[in-house]
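Structural features, examined
Okay, here's what each chain looks like letter by letter:
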Amino acid sequence: EAGVAQSPRYKIIEKRQSVAFWCNPISGHATLYWYQQILGQGPKLLIQFQNNGVVDDSQLPKDRFSAERLKGVDSTLKIQPAKLEDSAVYLCASSRTGQETQYFGPGTRLLVL
Amino acid sequence: AQSVSQHNHHVILSEAASLELGCNYSYGGTVNLFWYVQYPGQHLQLLLKYFSGDPLVKGIKGFEAEFIKSKFSFNLRKPSVQWSDTAEYFCAVRGSSNTGKLIFGQGTTLQVKP
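Across its full length, chain A holds 0 helices and 11 strands. Helices and strands appear in chain A in the N-to-C order β-β-β-β-β-β-β-β-β-β-β. Taking the principal axes of its C-alpha atoms as reference, chain A extends roughly 35 × 25 × 25 Å. The burial tally for chain A puts 46% of its 113 residues in the buried class. Working note: accessible area of chain A is about 5,500 Å², and carbon and sulfur atoms make up 51% of it. Within chain A, the 10 negative side-chain charges are centred at a point lying 5 Å from the centre of the 13 positive side-chain charges.

Take a look at the structure:
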């Protein structure tokens, strides 16, 4: 079974630029999560989708972050404009339902200069 | 507020030593508990989980964890570590009735010396 795929793996941008990350979950997984992991901290949930609907986006900085999951499969997370404090690893995870085990992708490491 | 605290940020052990990593959580309600591991250069993987039943759960690679409800703890143990256990370990909690959001601790880096 293929795991969660993410791209790109690394991204370096200047502050105030925009950036987008892509995630392809495990086939058949209805629930998709985006987490932000700042160096030295554990992952923090940004947004959770159930199929193509948002379940929880309470910790998403909506003035600069946006995410979508059109067709309930792939998802993109966008930051516009980026700030220095957005430097982190962005992890995508998926699960069959919100109550089952979450499987994580390799992450995208973002550096904002 | 819901939170997870891991007591040790960095642990260094010699091979064959015993391991115990502490994890305490703050959550008002029934919980599901997890330990995830991230080996160097790899993604987060589930080590073990507790949903209900026997509070002593066994995971992969000889790891186990014990849920002590009265102490709000879910400590990870392994009787004899190997060099290949060098990794970062994360404890996480989820409300058993909520939508799926995991709350993670800050992680413990384990370095095993050969």
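So, on to the confidence of the model for chain A. The predicted model of chain A averages 94 in pLDDT, with 99% of residues at 70 or higher. Mean pLDDT across the secondary structure elements of chain A bottoms out at strand S6 (residues 53-56) of chain A, with 92, and peaks at strand S8 (residues 75-79) of chain A, with 98.

Turning to the environment of Ile-60 of chain B, a few remarks are in order. Residues and elements named next belong to chain B. Mapping Ile-60 onto the fold places it in the loop between strand S7 (56-58) and strand S8 (64-68). Judged by relative accessible area, Ile-60 falls into the partly exposed class, the value being 36%. Distance in space between the C-alpha atoms of Ile-60 and Gln-38 is 13 Å, their sequence separation being 22 residues. Setting aside residues up to four positions removed in sequence, Ile-60 forms contacts with Leu-46 and Leu-47.

Moving on to the interface of chain A and chain B. At the junction of the two partners, chain A supplies 22 residues and chain B supplies 20 residues. Interface of chain A and chain B: buried area, both sides summed, is about 1,500 Å²; carbon and sulfur atoms make up 47% of it. Its largest share of buried area at the contact with chain B, chain A owes to Gln-99, Thr-101 and Phe-104 of chain A, together 36% of the area lost on that side. Inspection of the region where chain A meets chain B yields 0 salt bridges. Our count for the chain A to chain B interface comes out at 4 residue pairs in polar contact (both at pLDDT 80 or more). Listing elements by their share of the side of chain A that touches chain B, those giving two or more residues are strand S4 (31-37), strand S5 (44-50) and S6 of chain A. By residue number, the principal contributor to the side of chain A that touches chain B is S4 of chain A, which donates 3 residues. Of the residues contributing to the side of chain A that touches chain B, the split by class is 8 nonpolar, 12 polar and 2 charged.

In a structure, side chains of opposite charge can pair up when their charged atoms sit close to one another. Residues and elements named next belong to chain B. For the structure shown, the criterion picks out 6 salt bridges over all chains. For Glu-64, the salt bridge is made with Lys-58, and the minimal N-O distance between the two is 2.9 Å. Residue Asp-85 pairs with Lys-78 through a salt bridge whose shortest N-O separation is 2.9 Å. Among the residues examined, Asp-85 registers a relative accessible area of 1% and is labelled buried. Within this structure, Lys-58, Glu-64, Glu-66 and Arg-77 form a network of salt bridges that share partners.

Analysis parameters
Residues numbered from 1 in each chain as written. Chains lettered and ligands numbered in written order. Predicted model: local features only at pLDDT ≥ 70, side-chain atom pairs only at ≥ 80, totals over all residues. Heavy atoms only, no water. Helix = DSSP H or I, 4+ residues; strand = E, 2+ residues; numbered from the N terminus. Buried < 20%, exposed > 50% of the residue type's maximum accessible area, 1.4 Å probe, protein only. Areas by Shrake-Rupley, 256 points an atom, 1.4 Å probe, with all protein chains shown as cover. Lys, Arg positive; Asp, Glu negative; His and termini not counted. Charge placed at Lys NZ, Arg CZ, Asp CG, Glu CD. pLDDT = per-residue confidence, 0-100. Contact = heavy atoms within 4.5 Å. Buried area = accessible area lost by both parts, 1.4 Å probe. Salt bridge = Lys/Arg side-chain N within 4 Å of Asp/Glu carboxyl O. Polar contact = N/O pair within 3.5 Å; in protein donor to acceptor, adjacent residues only side chain to side chain. Nonpolar A, V, L, I, M, F, W, Y, C, P; charged D, E, K, R; others polar.

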